[in-house]
Amino acid sequence: MNTTAIETTGVAAARQITTADKFKSLLRREFWENKGGFFWAPIVAGGIGLFFTLLAIVGTFVFSSKAEFHASGDFQEVETHMQSAEGLQAIGVIGDGSLLVGIGLALVVMTFVVFFYALGSLYDERKDRSVLFWKSLPVSDTQTVFSKVAWALLLAPVLSIAIGLLIGLGLWLLIGLATALHGMPGASALFTESHPFQVIAGALSIVPLYAAWALPAIGWLMFCSAWARSKPFLWAVLIPIMAGALISWLDMLPGIEIPHENVWYILLLRGLLSVIPMTWYASESVYGGLQSIEVDGPADLTRVLDLTHGWNAFASVDLWIGVIIGVAFIVAAIRLRRWRDEG
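All of the points below concern the structure found in this document. (Residues numbered from 1 in each chain as written. Predicted model: local features only at pLDDT ≥ 70, side-chain atom pairs only at ≥ 80, totals over all residues. Heavy atoms only, no water.)

**Let's talk about the overall build of the protein**
Then comes step 1: Summing up its helical and strand segments, the protein has 16 helices and zero strands in all.
Then comes step 2: Once local pairs closer than 6 in sequence are excluded, the contacts in the protein between residues at least 24 apart make up 82%.
Then comes step 3: With the model as given, the accessible surface of the protein reaches about 18700 Å², and the carbon-plus-sulfur share is 70%. (Helix = DSSP H or I, 4+ residues; strand = E, 2+ residues; numbered from the N terminus. Contact = heavy atoms within 4.5 Å. Areas by Shrake-Rupley, 256 points an atom, 1.4 Å probe, with all protein chains shown as cover.)

Shown next, in the form of structure tokens:
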């Protein structure tokens, strides 16, 4: 093969590296650089939760073996109720709840991980000077920032939900084993009357909602990460708090009335804390819908636990204004990364 053929083959191979391939590589890079937070942190938290659950079950067995229980009329009445259709549904709700607890635990860990990940995403690469290396590669600033946004808003929640389901499954099995060994009436209803697929579908349904709801907070954190020359945490947190305090202080002046709740809702909850999943329940469009549900039995409780209620937030102007603001912050972060003086 002559030199011209070799060069032609090299050019063809280079052309095969598409924008999608570059973006996938950036996503893999983000995962491996932050694997401890995205992957191991929720696993460790889930393992600790399962360990303490097992300790509680063992403690219950030790206590019950030393105590004497006598069947009474009240106990028999409870036993009869648990074997009724309503009682079996209530036991099934416990199974759903165990899955939701596992997902909730993983999402709590994810909240801290995503918050500090977004806050350090563009600052840390300037601090250790690795930004110079990454800028030498054939990837744009837009692709780099978007890969970080994708992990913060989409991939991290999906991975956390998957890990949370495994944690919840462990809790579900431990609770099922404990109820069976205790001889609890209707223990099998923990599995037969639960709705695991509904819980899984509801958990996955919050991913696009979380991406839209958390966008202003993620955008703000990444903007501060790109803009601050030092201590981005202080800038990201103090600016909203100081702005809220200053606006609230203006209310002391004569003739000025300020809706404090709206100010703090916008600056603190939407601007900073919307990175926390489920905070969309503070939105009137979501909370108002839940208020209309009257809990008279296990079936109504299942409706309350349905995570798809959060989709009502898409009908609020609040969410879409936040999306616009978040996009603006991300665009500003891209431009800052592109033009910032690294010297």
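Past the structure itself, the notes keep going.
**Quick look at the packing of aromatic side chains**
Then comes step 1: Taken as a whole and assessed by the stated rule, the structure comprises 17 aromatic pairs.
Then comes step 2: Between Phe31 and Trp151, the ring centres sit 5.7 Å apart and the planes meet at 20 degrees, which makes this aromatic pair stacked. Here Phe31, found in helix α2 (residues 19-33), pairs with Trp151, found in helix α8 (residues 141-181); they are 120 residues apart in sequence, far enough to count as distant.
Then comes step 3: A relative accessible area of 17% means that Phe31 is categorised as buried.
Then comes step 4: Trp151 sits in the buried class, given a relative accessible area of 8%.
Then comes step 5: With centroids separated by 4.8 Å and ring planes inclined at 15 degrees, the aromatic side chains of Phe38 and Trp151 adopt a geometry described as stacked. Of this pair, Phe38 sits in helix α3 (residues 35-66) while Trp151 sits in helix α8, placing them 113 residues apart in sequence.
Then comes step 6: Counting every residue linked through ring pairs, the aromatic cluster contains Phe31, Trp32, Phe38, Tyr117 and Trp151. (Phe/Tyr/Trp six-rings, centres within 6.5 Å; stacked < 30°, edge-to-face > 60°. Buried < 20%, exposed > 50% of the residue type's maximum accessible area, 1.4 Å probe, protein only.)

**Observations concerning the environment of Trp249**
Then comes step 1: Inspection of the secondary structure puts Trp249 in helix α12 (residues 232-250).
Then comes step 2: Take Trp249: its relative accessible area is 47%, and that puts it in the partly exposed class.
Then comes step 3: Once the C-alpha coordinates of Trp249 and His260 are considered, the two residues, eleven residues apart in sequence, prove to be 9.9 Å apart.

**Considering the pattern of salt bridges**
Then comes step 1: Per the stated rule, a full pass over the model turns up eight salt bridges.
Then comes step 2: Among the ionic pairs, Arg29 bridges to Glu125, the shortest N-O distance being 3.7 Å. Here Glu125 lies in helix α6 (residues 123-127) and Arg29 lies in helix α2, a separation of 96 residues in the sequence. Glu125 carries the same exposure label as Arg29, and that label is buried.
Then comes step 3: Through salt bridges that share partners, Arg29, Glu30, Glu33, Glu125, Asp141, Lys148, Arg337 and Arg338 make up one connected network. (Salt bridge = Lys/Arg side-chain N within 4 Å of Asp/Glu carboxyl O.)

**Describing the nonpolar core**
Then comes step 1: Ranked by internal contacts, the top residues of the largest apolar core, which has 66 residues, are Val114, Trp151, Ile161, Ile218, Leu221 and Trp280.
Then comes step 2: A per-element tally of this core places α8 first, with 14 residues.
Then comes step 3: Not counting chain neighbours up to four residues away, the residues in contact with Leu221 comprise Phe115, Ala118, Leu119, Ala236 and Leu272. (Core = buried A, V, L, I, M, F, W, Y, C linked by side-chain atoms within 4.5 Å.)

**A closer look at unusual backbone geometry**
Then comes step 1: Even without glycine at this site, Lys231 takes up a positive phi of about 50 degrees.
Then comes step 2: By secondary structure assignment, the location of Lys231 is in the loop between α11 (215-227) and α12.
Then comes step 3: On the basis of relative accessible area, Lys231 is assigned to the exposed category, the value being 55%.
Then comes step 4: Positive phi values are uncommon outside glycine, yet Met278 reaches one of about 75 degrees.
Then comes step 5: When you line up the elements, Met278 lands in the loop between α13 (260-270) and α14 (284-291).
Then comes step 6: For Met278, a relative accessible area of 26% gives the class partly exposed.

**A word on the side chain of Ser205**
Then comes step 1: Among the structural elements, Ser205 can be located in helix α10 (residues 196-213).
Then comes step 2: For Ser205, a relative accessible area of 13% corresponds to the buried category.
Then comes step 3: Polar side-chain contacts of Ser205 include one of 2.5 Å to the backbone oxygen of Gly202. (Polar contact = N/O pair within 3.5 Å; in protein donor to acceptor, adjacent residues only side chain to side chain.)

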